[in-house]
Amino acid sequence: MAIEFDSPVSWTAASPETLAMLQNLQPNILKPHVREFLTVLFLTFYDPAGAKTFIADLAGAMKSTHDHLGEIERFKKDKIPGTPYIGFGLSAAGYGFLKISPMPQDPSFQSGMHQTAGLNDPPIAEWEEHFQTPDALHAVILIGDMLRDDRNAARAKVQALIDAASGVTVIGTQDGVGQHNSNGQGIEHFGYVDGRSQPLFLTEDIQAEEDETDGIANWDPTSPLKQVVVADTAAPDPGIHLGSYFIFRKLEQNVKLFKEMELKFAEDLPIDDDERAGAMIVGRFEDGTPVTMQSEDGVESPVPNNFNYNSDKSGAKCPFVGHIRKTNPRGSGGFRQTRQQEHSHLMARRGQTYGVRTDNPNDGATANKPEKDVGLLFMAFNSDIGHQFEFTQITWANNPNFPQVPPGFAAPGVDPVIGQLPRGQARPDMTAPKTWGDPGSLSSAPAVPQAVTMKGGAYFFMPSLAFLRSLRTAGAEMAAR
Ligand code: HEM
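Residues numbered from 1 in each chain as written. Predicted model: local features only at pLDDT ≥ 70, side-chain atom pairs only at ≥ 80, totals over all residues. Heavy atoms only, no water.

**Q** For this particular structure, what's the right way to read helix H2 (residues 48–59)?
**A** Since the α-helix packs 3.6 residues into each turn, any two residues three or four apart lie on the same face. Over its 12 residues, H2 runs 16 Å from end to end, which matches the ideal 16 Å to within 8%, given 1.5 Å per residue. Residues Ala-49, Gly-50, Ala-51, Lys-52, Phe-54, Ile-55, Ala-56, Leu-58 and Ala-59 constitute the buried set of H2. Near the N-terminus of H2, the side chain that reaches the backbone nitrogen of Ala-49, with its oxygen 3.1 Å away, is that of Asp-47. (Helix = DSSP H or I, 4+ residues; strand = E, 2+ residues; numbered from the N terminus. Expected span 1.5 Å × (residues − 1). Buried < 20%, exposed > 50% of the residue type's maximum accessible area, 1.4 Å probe, protein only. Polar contact = N/O pair within 3.5 Å; in protein donor to acceptor, adjacent residues only side chain to side chain.)

Structure below.
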């Protein structure tokens, strides 16, 4: 039985082919791997044979998706902690340097993030140094765990392999560390619960979403396997050996500016509810309550996700411009896209915050908030970069005219969190309701300025473990020549 790409898959009742696929797929793709403490290493290779042997050695230290899912079960049942996550990806330059053919076919992957003009990123000369020379950025390694010590131990193991290898150098290192609110939920630096809404690819996860959260009747996260993986064409058996395109973007957050502008947005509209002003910018209150569902925060845990914008057609609860409405309109985006077409743009987001806070993030103050050196390592898995990450950023977030609004309404404007216009171009005004749910109270106010700066990034492909292991023979043959 061939693997079913048009639907989600079960891992507990997997066919032999699906099982073989899961045993060769890297973790963190179909389901997030805990990466509370994360280190990202960026590599350059100097010796193709040495690099191939190194990659095969590294594969020996990596686990599969199937191993990971088993670890989660053992933790749930017997509280046995899982092992660290090690993920490995190659850039197009890496494939080229190692002369691996065929390289993954995605055109955006092949040309690189730095070539995608519509993202409106800062010029590459302003990116962090290791991102400035994409031809020399060959590979990425992710090392993550729940505990700092276990991440450090795994990192030391990876470093020992690098030290022992011929022609493998670390050109950049980035640490990530989780942030939490007072309920222990994962938040990003502006203070909002993050990572709640995800496309789901495992039938077990969809069932759990239905049974253990607020359900899936109004928003169904069910997603086909083909939305996150593709054949690993250089692997021994591309029919079952799959991989995924990995997006990495370092997004610095100016927390002080964002917190100030939340207050200013409330003043400009005007409304006397600063919390709702922030919720209208993001689409959720800080505790995750969707502003299209409630005018105030305080939903029950777990954070709800079973909602759409059907009862909010004029953007009088959640403004059209709200970050989560721009990046997942849940069937309300218009422009003749069906709900299913819209859904196909969603990617598996696997971000992590970086930077150390010296302030109390929850003290409600603005003056003491960091202006730089903290942010989000935006990471996501895609099966089609142009259709998913680039579409979301360019056609939705950066586009002042998305989503489609009723006749006579003002254009929504750019995503206030991540939207980027060409340099020097002013953001158009934003429209939001003064009274929650009252279309008659819609009012416009100056757009909030950009508080997120892209500091560098790249596209990688995370191949199957079978492919990584196969490089041992290739490396040995190359060395013998
Ligand atoms: C510093 C940058 C960013 C911040 C602070 C941020 C913040 C958030 C927050 C607080 C949520 C709500 C939690 C959730 O629903 O999971 C969210 C959701 C989301 N974000 Fe972002 N985000 C950032 C970057 C991005 C980027 C670069 C993209 C894509 C290009 C993106 C796409 C999404 C999507 C698709 C959702 C889920 C929306 C939904 O399903 O309703 N975000 N983000």
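**Q** Would you explain the coordination of the iron atom of the ligand in this entry?
**A** Geometrically, a metal with four donors at the corners of a regular tetrahedron has ideal angles of 109.5 degrees, and one with six donors at the corners of a regular octahedron has ideal angles of 90 or 180 degrees. Here the protein supplies the iron atom of the ligand with just one donor, His-323 (NE2), and that contact is 2.2 Å long. Inspection of the secondary structure puts His-323 in helix H10 (residues 323–327). (Donors = N, O, S within 2.8 Å, 3.2 Å for Na, K, Ca; no water.)

**Q** Could you clarify how one ought to interpret unusual backbone geometry in this entry?
**A** In this structure, the amide linkage connecting Ser-101 to the following residue, Pro-102, adopts the cis form with an omega of -5 degrees. Note that the residue after Phe-402, namely Pro-403, is joined by a cis bond; omega there is -5 degrees. Mapped onto the secondary structure, Pro-403 falls in the loop between helix H12 (389–397) and strand S12 (430–433). Residue Phe-335 is not a glycine yet carries a positive backbone phi of 50 degrees.

**Q** Where do I start with the packing of aromatic side chains in this structure?
**A** Following the criterion strictly, the structure yields 18 aromatic pairs and no others. Ring plane angle 55 degrees and centroid distance 5.4 Å describe the contact between Phe-109 and Tyr-245, whose orientation is recorded as tilted. Linking Phe-109 in helix H5 (residues 107–111) with Tyr-245 in strand S8 (residues 242–253), this pair joins segments that are 136 residues apart in sequence. Residue placement shows Lys-79 over the ring face of Phe-75; its charged tip is 4.9 Å from the ring centre. Over the ring of Phe-307 we find Arg-330; its NZ or CZ atom is 3.8 Å from the centre of that ring. (Phe/Tyr/Trp six-rings, centres within 6.5 Å; stacked < 30°, edge-to-face > 60°. Lys NZ or Arg CZ within 6 Å of the ring centre and 35° of its normal.)

**Q** Just to check I follow, could you spell out the site of the ligand for this structure?
**A** For the ligand, the set of nearby residues contains 27 residues, the closest of which are Arg-196, Ser-197, His-323, Asn-328 and Arg-330. Separating an oxygen atom of the ligand from a side-chain N or O atom of Ser-197 is a distance of 2.5 Å. At 2.8 Å from an oxygen atom of the ligand is found a side-chain nitrogen or oxygen belonging to Arg-349. At the level of elements, S8, H10, strand S11 (375–382) and H12 are the ones that each hand at least two residues to the shell around the ligand. Residues that form the shell around the ligand fall into these classes: 13 nonpolar, eight polar and six charged. Inspection of the shell around the ligand shows a minimum of three residues originating in each of domain 1 (16–250 + 459–480) and domain 2 (253–456). (Near = heavy atom within 4 Å. Nonpolar A, V, L, I, M, F, W, Y, C, P; charged D, E, K, R; others polar. Domains from an automatic or database assignment.)

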